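In case you want the letters, here they are:
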Amino acid sequence: MEHKGTKRLETKRLILRPFTMGDGEAMYRNWASDDAVTRFLTWPSHKNASVSEAVLRDWTGRYEDPAYYQWAIVLKDGPDEPIGSIGPVNVIDPRIGMAHIGYCIGKAWWHQGITAEALKTVMDFLFDEVGVNKIESRHDPRNPNSGAVMRKCGMQYEGTLRQSDCNNQGICDASYYGLLASER
């Protein structure tokens, strides 16, 4: 693997770019404060924009590390503000070349194919430029739309681990999906 860091990526409709400290208010307003968005996530809704800004301080402070990846999802045909985030939620495991991807997008942009477009772009970057061997993700089975995003991007269902995870709903099952570089 050859780490490249959080490079700016573009699709037909999206710009995936590093977050900036100026993104705090948009992050808070567009998704991080919405209980419907965070319902099946592992972090609680932000109570105010200062919580979002604290998260961004951590993320932006890590961008100098070429092995760190965290993208803001921005619409090309809109203001230059993030509507969601996507990136490996754990450090990429160099022993097996695996990245576990997490994503989150504001409710106003659900069911428009935006998350799948962002995920496919990140997957292509990690496979083609970084050289990862496997990309995986998981979701609470009570949130089937997240699994649909994974399947739309070619990920294969690998199984459900019972009561193996915890999110804002409490202890939950975790349905895993993955794709190997050799399966593309």
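These figures come from a predicted structure and were not determined experimentally. (Residues numbered from 1 in each chain as written. Predicted model: local features only at pLDDT ≥ 70, side-chain atom pairs only at ≥ 80, totals over all residues. Heavy atoms only, no water.)

**Focus: the nonpolar core**
So, point 1. I86, I101, L119 and L126 are the most contacted members of the largest nonpolar core, which totals 32 residues.
So, point 2. Breaking this core down by element, the ones donating at least two residues are β2 (14-18), β3 (71-75), β4 (82-88), β5 (98-105), α4 (114-130), α5 (144-152) and β8 (170-180).
So, point 3. Top contributing element to this core by residue count: α4, with ten residues.
So, point 4. Aside from chain neighbours lying at most four places away, what touches L119 is I86, I101, Y103, V149, M150, C153 and M155.
So, point 5. One finds F19, L56, W59 and A72 within the second-largest nonpolar core, a separate group that totals 14 residues. (Core = buried A, V, L, I, M, F, W, Y, C linked by side-chain atoms within 4.5 Å. Buried < 20%, exposed > 50% of the residue type's maximum accessible area, 1.4 Å probe, protein only. Helix = DSSP H or I, 4+ residues; strand = E, 2+ residues; numbered from the N terminus. Contact = heavy atoms within 4.5 Å.)

**So, the pattern of salt bridges**
So, point 1. Applying the stated criterion across every chain yields a total of 16 salt bridges.
So, point 2. A salt bridge links E10 to R8, with the shortest nitrogen-to-oxygen separation between them at 3.3 Å.
So, point 3. With a shortest N-O distance of 2.7 Å, R142 and D140 are connected by a salt bridge.
So, point 4. Given the relative accessible area of 47%, R142 is considered partly exposed.
So, point 5. According to the relative accessible area criterion, D140 is buried, its value standing at 5%. (Salt bridge = Lys/Arg side-chain N within 4 Å of Asp/Glu carboxyl O.)

**Section: the packing of aromatic side chains**
So, point 1. Summed over the entire model, instances satisfying the criterion amount to seven aromatic pairs.
So, point 2. Where F19 meets W59, the ring centres are 5.0 Å apart and the plane angle is 50 degrees; that geometry is what we call tilted. With F19 in the loop between β2 and α1 (24-32) and W59 in helix α3 (residues 49-61), the pair connects residues that are 40 residues apart, well separated along the chain.
So, point 3. Residue W59 is classed as buried on the basis of its relative accessible area, which comes to 14%.
So, point 4. What links up through ring pairs into an aromatic cluster is the set F19, W31 and W59. (Phe/Tyr/Trp six-rings, centres within 6.5 Å; stacked < 30°, edge-to-face > 60°.)

Without other data, these values stay purely geometric and don't point to any function.
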